[in-house]
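# Understanding the architecture of this molecule
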Amino acid sequence: GSATITLTSILPDLTAPIVIDGTTQPGYAGSPLVQITGVSTANPCLVVRASDSTIRALDIGLCQDGIAVLSTTGTAISNIALERNFIGTRLATATINRNAIRLEATGTSTLSNVTIGNATPAGRNLLATFGFVVACFRLTLLPVFIQGRLSLRDRLLPTLAFPPPGGFFPQAFG
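Now for a look at the structure at hand. Since this is a predicted model, take the numbers as computed values, not measurements.

Thresholds applied
- Residues numbered from 1 in each chain as written.
- Predicted model: local features only at pLDDT ≥ 70, side-chain atom pairs only at ≥ 80, totals over all residues.
- Heavy atoms only, no water.
- Helix = DSSP H or I, 4+ residues; strand = E, 2+ residues; numbered from the N terminus.
- Buried < 20%, exposed > 50% of the residue type's maximum accessible area, 1.4 Å probe, protein only.
- Contact = heavy atoms within 4.5 Å.
- Areas by Shrake-Rupley, 256 points an atom, 1.4 Å probe, with all protein chains shown as cover.
- Salt bridge = Lys/Arg side-chain N within 4 Å of Asp/Glu carboxyl O.
- Pairing = 2+ DSSP bridges.
- Core = buried A, V, L, I, M, F, W, Y, C linked by side-chain atoms within 4.5 Å.
- Polar contact = N/O pair within 3.5 Å; in protein donor to acceptor, adjacent residues only side chain to side chain.

### Remarks on the overall build of the protein
Helix and strand counts for the protein stand at 0 helices and 15 strands. By residue count, 47% of the 174 residues in the protein fall in the buried class. Here the analysis covers contacts within the protein between residues at least 6 apart in sequence; of these, 76% occur between residues at least 24 apart. With an accessible surface of roughly 7700 Å², the protein has 58% of that area assigned to carbon and sulfur atoms.

### Observations concerning the pattern of salt bridges
Once their charged atoms are close, side chains differing in charge can pair, the charge on each being opposite to the other. This structure, assessed with the given rule, holds 5 salt bridges. Notably, a salt bridge pairs Glu104 with Arg102, separated by 2.6 Å at the nearest N-O pair. You'll find Glu104 and Arg102 in the same group, each marked buried. Here the salt bridges share partners, and the residues they tie into one network are Asp21, Arg56 and Glu83.

### Some words on unusual backbone geometry
The backbone phi angle of Ala57 is positive, close to 60°, even though this residue is not glycine. Turning to its location among the elements, Ala57 is positioned in the loop between strand E5 (53-56) and strand E6 (58-61). Exposure remark for Ala57: the relative accessible area of 0% places this residue in the buried category. Here Asn79, not a glycine, exhibits a phi torsion of approximately 60°, which is positive. Following the sequence through the fold, Asn79 ends up in strand E8 (residues 76-83).

### So, the pairing of E8
For E8, the buried fraction is high: 6 of the 8 residues fall into the buried class. Relative to E8, E5 runs parallel, the two sharing 4 bridges. In the sheet register, Arg56 faces E8, and the bridge partner there is Glu83. As judged from the 6 bridges shared by E8 and strand E11 (residues 110-116), these two strands associate in the parallel manner. By the bridge assignment for E11, Ile77 is matched with Leu111.

### Some remarks on the nonpolar core
In this structure, Ile55, Ile60, Ile67, Val69, Leu82 and Ile101 are the most contacted members of the largest nonpolar core, which totals 26 residues. Examining the composition of this core, we find that 4 residues originate from one element, strand E10 (residues 99-105), more than from any other.

### Notes on the side chain of Ser109
Looking at where Ser109 falls in the secondary structure, it is placed in the loop between E10 and E11. Exposure remark for Ser109: the relative accessible area of 1% places this residue in the buried category. Here Ser71 takes part through its backbone oxygen, which lies 2.9 Å from a polar atom of the side chain of Ser109. Polar contacts involving the side chain of Ser109 include one to the main-chain carbonyl oxygen of Thr72, which spans 3.4 Å.

### A few points about the environment of Asp21
Here Asp21 lies in strand E2 (residues 19-21). As for Asp21 and Ala57, which are separated by 36 residues in sequence, their C-alpha atoms are 6.3 Å apart. Of the polar contacts made by the side chain of Asp21, one reaches the side chain of Arg56; its length is 2.9 Å.

### What to know about the environment of Ile60
Take Ile60: it is sitting in strand E6. You can call Ile60 buried: its relative accessible area is 0%.

As structure tokens, then:
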């Protein structure tokens, strides 16, 4: 059945490769059953700082960023998959995420092979925000593959805050 995780403090960053898979929740039939509600609209709900990580089938809301993938000076993060998530989609709630997903690399760090959604309809994300669907900051070498449906609340805003020089490839929106 469904489960709600209401954060009372900020979660620690995910610093080792991890797979968080909401499809394993009993009763999963295509929509996330595991809901994470943020502690503050000033912080991300989940921060990924490790390569080879997957976040799948979570319902994430009430945070500054639903999921932030951050690489700090001198590190290289690659092979990140964000799929089947509902981020910022609680439209009955007055406060939704500023950014659905934030990708950021500082200094000499890099992000590569970041995939948001996948080619199958079941693997796509549903993202809603009053800011940017995907916000990219200070990125250098980055192919970002984005596949999925976008639901923007209130007004239509750019899909990408700062297009990365390494490439931004929107695919299969529908």
